[in-house]
Amino acid sequence: MIRQFELVERVKSYDPGADEDALNRAYVFAMKAHGLQTRASGDPYFSHPLEVAGILTDLKLDDSSIVTALLHDVVEDTEATLAEVEQVFGKDIARLVDGVTKLSRLELQSEQSQHAENFRKLVLAMSEDIRVLLVKLADRLHNMRTLHFIKSQDKRRRIARETMDIYAPLAERIGMHRFKDELENLSFKTLNPDAYKSILARLEFLKREGEDLPERIVDELRRVLAEGGVEAWVSGRVKMPYSVWRKMQRYNVGFEQLSDIMAFRVVVATVGECYHSLGELHSRYPVVPGRFKDYISTPKPNGYRSLHSGIIGPERLRIEIQIRTREMHEVAELGVAAHWKYKQGEDQVDGRQYRWLRELLDILEQASNPEEFLEHTKLEMFQDQVFCFTPKGDLIALPRGATPIDFAYAVHSEVGASTVGAKVNSRMVPLRAQLHNGDQVDIITSKAQRPSPDWENFVVTGKAKASIRRYVRQEQRHQYAELGRQILQKTFRQEGHEFTEKALDGVLKKFKRDSVTDLYTTVGQGHHTAREVMQAVFPGERQKRRLQSVFPSLRPRGRASKPAAKDGAVPLKGLIPGMAVHFAHCCHPLPGERIVGIVTTGKGVTVHTIDCETLENFQDTPERWIDIAWDAASDETPHLGRLHLVVANEPGSLGSLSTIIGKNLGNISNLKITSRSTDFFEMLIDVEVSDVKHLTNIIAALRATSVIASVERARG
Ligand code: MN
């Protein structure tokens with residue numbers, strides 16, 4: 001185990017200004033928090049975060065990253081809380097630790113790797129600060145190095161699969177080839193042990209056969225370059241078993257000699273010397289056609305720069321050579337981490353977290369060829385997405401701003417249509433809440449539920465929008481048909497005619513309709529009146545009674561009217577408000593009140609209270625009036641009553657107001673102060689009530705309160 005002072009010294013060796021105190025506190029905090037916990041290897045658990053910190057000192061990362069590495073498992077695996085971390089180490093460290101903790105939780109949720117691409121995007125999207133990702137990658141690297149201690153083969157294989165599918169490509173994505181190579185190789189060893197062993201055995205054999213072949217090649221290359229006037233550091237290395245294996249798979253080739261699986265590297269001081277070295281080698285040895293690539297003038301999207309070439313080199317062996325400067329070399333090995341190191345100190349003033357992210361984005365933005373452009377667009381695409389989980393751990397990708405309803409429809413349209421509520425990370429949220437990356441969404445459904453037209457106003461996915469719209473349109477047509485049928489039935493009966501569908505069949509052509517249902521719908525929508533239809537069925541027959549007896553509720557306002565017999569009225573039963581029937585906003589009718597319907601062409605029926613002033617506008621068009629009755633039994637949805645109040649402007653008056661309404665089981669759904677003076681507020685309050693009696697009770701209770709000067713139902 002690295003000792004406390006060793007760790008601090010390592011960090012100080014490359015960053016003399018590092019916060020020594022924070023490093024010491026983190027060391028002690030993590031050691032105490034993990035206490036007697038042990039790893040599968042039998043080592044104290046604390047050795048793990050310590051090794052992760054050690055890996056990051058190799059990358060020469062800043063003190064905050066090292067502190068985060070030490071603390072990265074305390075929130076998830078010990079009694080310590082994020083709040084304590086923030087208290088002891090401050091907001092920045094807490095944010096970083098929280099980021100790594102969240103990534104670890106995702107790991108537990110996603111057992112399937114078929115969504116690898118989405119999952120990689122999710123991890124990247126959640127690493128708002130790239131240091132979070134670097135700590136996570138180092139964490140995974142150490143876990144892979146100690147993977148063989150885990151007893152269960154299934155578990156080892158699952159972790160290795162995940163590393164291969166998610167973490168190795170992520171490391172490559174941000175240019176950390178050294179991490180990527182090691183992660184891939186360790187995974188390969190677990191996933192395909194036979195292939196791994198056979199390649200290793202072959203490598204050993206060829207090394208014995210070739211004796212000091214690599215050294216001889218390196219010596220000759222160094223001499224050739226020195227003769228040409230370039231001082232270069234030359235090295236040769238055998239490729240890792242996994243990259244040999246991939247090459248064999250991809251090109252369907254075996255390897256006969258060591259040089260087939262070796263790569264040579266020439267590292268020089270300047271860019272000019274890179275091209276100079278290339279010239280020297282190309283003029284001395286035959287060049288293998290088609291192997292030359294200039295990644296210096298056109299870097300790869302992840303920032304990689306080098307010259308690549310293939311030559312028939314020393315001892316007439318075909319070899320691959322990479323030529324680069326020292327800085328390019330560090331970037332090739334360490335990716336983003338190296339960029340950070342080289343530019344460190346340039347912009348200390350800006351928050352560190354932004355600099356890191358900018359580094360990554362800069363690299364990606366420098367993309368110039370189509371392939372790179374595509375890479376870049378992909379990044380933008382996932383920035384507009386959120387990735388959420390079902391309780392089973394399935395990943396659902398949604399556009400940013402998506403709600404639980406979008407999520408439900410993405411799972412299945414039937415789930416969407418029957419959604420009544422949602423839990424996000426085990427807490428109930430409103431259906432219009434916005435989802436965030438990594439949220440676990442639990443949709444609560446009910447067979448009785450139907451999609452609400454209101455949902456269309458806040459969903460963002462096309463699928464949800466289309467499904468809701470399709471349902472609303474279908475249901476509206478159904479409602480219009482039902483309304484039209486009831487209106488026709490009522491009118492026929494009042495005129496003393498028997499109402500049969502058969503009788504209507506004969507007049508379909510006249511109204512250019514295909515079916516009786518179609519005809520119902522046009523009547524429900526108000527395109528034709530019931531009277532028109534009846535006169536078509538019984539042509540030549542005069543209106544038997546006068547209008548007023550057909551609509552008994554239609555009487556001059558102000559005159560006391562006895563409740564009319566309900567047998568002629570169209571019941572609201574089965575008609576959903578908001579579809580074919582709307583409640584007028586001028587008078588807010590409530591169950592128990594006398595009401596009347598006004599047919600509006602194409603929009604169905606608007607329901608007013610019988611004493612609503614708006615009705616005066618319709619005095620001249622009696623054919624639009626429909627007698628309508630409440631159907632108390634089937635109506636359970638709350639109705640809105642609007643009150644106009646004058647309340648004393650003094651402490652606690654609003655409190656007593658809401659207490660009284662609450663005690664009387666009314667729910668305030670909206671409150672608007674229309675004017676205020678030194679002494680009084682005037683306000684409008686919408687209260688959800690079951691019927692008019694309920695609202696009357698509330699009004700009475702309010703009037704009995706001293707702070708309330710007056711209460712009236714608001715009209716118009
Ligand atoms: Mn860990």
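Structure report, in brief.

Reading the values: rules and limits
- Residues numbered from 1 in each chain as written.
- Predicted model: local features only at pLDDT ≥ 70, side-chain atom pairs only at ≥ 80, totals over all residues.
- Heavy atoms only, no water.
- Helix = DSSP H or I, 4+ residues; strand = E, 2+ residues; numbered from the N terminus.
- Buried < 20%, exposed > 50% of the residue type's maximum accessible area, 1.4 Å probe, protein only.
- Contact = heavy atoms within 4.5 Å.
- Areas by Shrake-Rupley, 256 points an atom, 1.4 Å probe, with all protein chains shown as cover.
- Pairing = 2+ DSSP bridges.
- Axes fitted to C-alpha atoms, helices over the stretch in contact; angles between N-to-C directions.
- Donors = N, O, S within 2.8 Å, 3.2 Å for Na, K, Ca; no water.
- Parallel < 35°, antiparallel > 145°, perpendicular 65-115°, else oblique.
- Nonpolar A, V, L, I, M, F, W, Y, C, P; charged D, E, K, R; others polar.
- Phe/Tyr/Trp six-rings, centres within 6.5 Å; stacked < 30°, edge-to-face > 60°.
- Salt bridge = Lys/Arg side-chain N within 4 Å of Asp/Glu carboxyl O.
- Core = buried A, V, L, I, M, F, W, Y, C linked by side-chain atoms within 4.5 Å.
- Domains from an automatic or database assignment.
- Polar contact = N/O pair within 3.5 Å; in protein donor to acceptor, adjacent residues only side chain to side chain.
- Left-handed = near helix turned anticlockwise from the far one by under 90°.
- Patch = residues over 30% accessible without salt bridge, like charges linked within 9 Å, V, L, I, M, F, W, Y side chains within 5 Å.

Focus on the overall build of the protein
Stage number 1. Within the protein one finds 28 helices and 19 strands.
Stage number 2. Here the protein holds 716 residues, and the buried ones make up 48% of them.
Stage number 3. Across the protein, the fraction of contacts at a sequence separation of at least 24, relative to all contacts at a separation of at least 6, is 66%.
Stage number 4. Accessible surface computed for the protein: about 35,800 Å², of which carbon and sulfur atoms make up 49%.

Some thoughts on the sheet that holds strand E18 (residues 680-689)
Stage number 1. Strand order in the open sheet formed by four strands is E17-E18-E16-E19, and the pairing between neighbours is antiparallel. For this open sheet the edge positions go to strand E17 (667-676) and strand E19 (708-713), each flanked by a neighbour on one side alone. Within the sheet, the average angular offset between the axes of one strand and its neighbour, ignoring direction, is 20°.
Stage number 2. Pairing analysis gives eight bridges linking E17 to E18, with the strands arranged antiparallel.

As for the coordination of the manganese ion
Stage number 1. On the protein side, the manganese ion has His48 (NE2), His72 (NE2), Asp73 (OD) and Asp139 (OD) as donor atoms, found 2.2 to 2.3 Å from it.
Stage number 2. Counting the intervening residues between successive donors of the manganese ion yields the motif H-x23-H-D-x65-D. Of the two residues, aspartate 73 is situated in the loop between helix H4 (63-71) and helix H5 (74-77) and aspartate 139 in helix H9 (residues 130-145); the sequence distance between them amounts to 66 residues. With respect to class, aspartate 73 is no different from aspartate 139; both count as buried.

Brief notes about the packing of helix H22 (residues 462-494) against helix H24 (residues 516-525)
Stage number 1. Running from amino to carboxyl end, H22 crosses H24 at an angle of 85°, the nearest separation of the two axes being 6 Å. Considering their axes alone, H22 and H24 lie roughly perpendicular with respect to each other. On H24, the residues that touch Arg477, Tyr480, Ala481, Leu483, Gly484, Arg485, Ile487 and Leu488 of H22 are Thr517, Tyr520, Thr521, Val523, Gly524 and Gln525.
Stage number 2. Across the contact of H22 with H24, the residue classes break down as seven nonpolar, five polar and two charged.

Topic: the packing of aromatic side chains
Stage number 1. Within the structure shown, the criterion is met by eight aromatic pairs.
Stage number 2. A ring pair is formed by tyrosine 27 and phenylalanine 46, whose centres lie 5.0 Å apart and whose planes are at 80°; its orientation type is edge-to-face. Placement of tyrosine 27 in helix H2 (residues 20-34) and of phenylalanine 46 in the loop between H2 and helix H3 (47-58) is noted, with a sequence separation of 19 residues between them.
Stage number 3. Judged by its relative accessible area of 6%, tyrosine 27 falls in the buried class.

Here we look at the pattern of salt bridges
Side chains that differ in charge, positive against negative, can pair when their charged atoms come close.
Stage number 1. Counted under the stated rule, the structure contains 25 salt bridges.
Stage number 2. Among the ionic pairs, glutamate 86 bridges to lysine 91, the shortest N-O distance being 4.0 Å.
Stage number 3. Judged by its relative accessible area of 35%, glutamate 86 is partly exposed.
Stage number 4. Relative accessible area serves as the criterion here: at 63%, lysine 91 is assigned to the exposed category.
Stage number 5. As a salt-bridge pair, glutamate 320 and arginine 291 come within 3.8 Å of each other at their nearest N and O atoms. Taken as a pair, glutamate 320 in strand E5 (residues 318-325) and arginine 291 in the loop between helix H15 (271-284) and strand E3 (293-294) lie far apart in primary sequence, 29 residues in all.

Thoughts on the pairing of E5
Stage number 1. For E5, the tally of buried residues reaches six of eight residues, placing the bulk of the element in the interior.
Stage number 2. Inspection of the sheet shows strand E2 (residues 262-268) paired to E5 by six bridges, in the parallel sense. Bridging across to E5, alanine 263 finds its partner in glutamate 320.
Stage number 3. Judged from the six bridges that link them, strand E4 (residues 307-312) and E5 form a sheet pairing that is antiparallel. When the bridges of E5 are listed, isoleucine 311 appears paired with isoleucine 319.
Stage number 4. Here E4 folds back onto E5, and the loop between the two strands holds five residues, one of which, glutamate 315, carries a positive phi near 60°.

Re the sheet that holds E3
Stage number 1. In spatial order, the strands read E1-E2-E5-E4-E3; together these five strands make up an open sheet with mixed pairing. Looking at strand neighbours, the two that pair on one side only are strand E1 (233-238) and E3, the edges of this open sheet.
Stage number 2. Strands in contact with helix H16 (residues 326-334) are E1, E2 and E5; relative to E5, the strand with the most contacts, it is inclined by about 110°.

Section: the environment of alanine 269
Stage number 1. Inspection of the secondary structure puts alanine 269 in the loop between E2 and H15.
Stage number 2. With a relative accessible area of 63%, alanine 269 lands in the exposed category.
Stage number 3. Placed 55 residues apart in sequence, alanine 269 and arginine 324 show a C-alpha to C-alpha distance of 8.4 Å.

Topic: the nonpolar core
Grouped burial of nonpolar side chains is what soluble globular proteins tend to show.
Stage number 1. In this structure, Ile66, Leu71, Val85 and Phe179 are the most contacted members of the largest nonpolar core, which totals 75 residues.
Stage number 2. The dominant element in this core, judged by the number of residues it contributes, is H9, at nine residues.
Stage number 3. No fewer than three residues from each of domain 1 (4-191) and domain 2 (197-339) sit in this core.
Stage number 4. Non-local contacts of valine 85, meaning those with residues more than four positions away in its chain, are made with Phe29, Leu71, Val74, Val75, Gly90, Ile93, Ala94 and Val97.

Notes on the side chain of threonine 57
Stage number 1. Residue placement: threonine 57 occurs in helix H3.
Stage number 2. Relative accessible area serves as the criterion here: at 5%, threonine 57 is assigned to the buried category.
Stage number 3. Within the structure, the side chain of threonine 57 is placed 2.6 Å from the backbone oxygen of glycine 54, a separation counted as a polar contact.
Stage number 4. Ignoring sequence-local partners within four residues, the contact set of threonine 57 consists of Leu7, Arg10, Val11, Tyr14 and Ile66.

What to know about the packing of H2 against helix H6 (residues 82-89)
Stage number 1. The contact between H2 and H6 brings their axes to 11 Å, and the two run at 150°. By the angle between their directions, the pair H2 and H6 is classed as roughly antiparallel. As for the relative orientation of H2 and H6, their crossing is right-handed in sense. Facing Ala22, Arg25, Ala26 and Phe29 of H2, the residues of H6 in contact are Glu84, Val85, Val88 and Phe89.
Stage number 2. Residues of the contact of H2 with H6, tallied by class, amount to six nonpolar, no polar and two charged.

Concerning a nonpolar patch on the surface
Stage number 1. Side chains of Val420, Met428 and Ile444 sit close together on the surface and give an oily, nonpolar patch of about 250 Å² of accessible area.
Stage number 2. Inspection of the secondary structure puts valine 420 in strand E8 (residues 419-424).

Here's the deal with unusual backbone geometry
Stage number 1. Positive phi values are uncommon outside glycine, yet glutamate 315 reaches one of about 60°.
Stage number 2. Within the secondary structure, glutamate 315 sits in the loop between E4 and E5.
Stage number 3. Among the residues examined, glutamate 315 registers a relative accessible area of 43% and is labelled partly exposed.
Stage number 4. Not every positive phi belongs to a glycine, and histidine 588 is a case in point at roughly 45°.
Stage number 5. With respect to the helices and strands, the residue histidine 588 is situated in the loop between strand E12 (581-583) and strand E13 (595-600).

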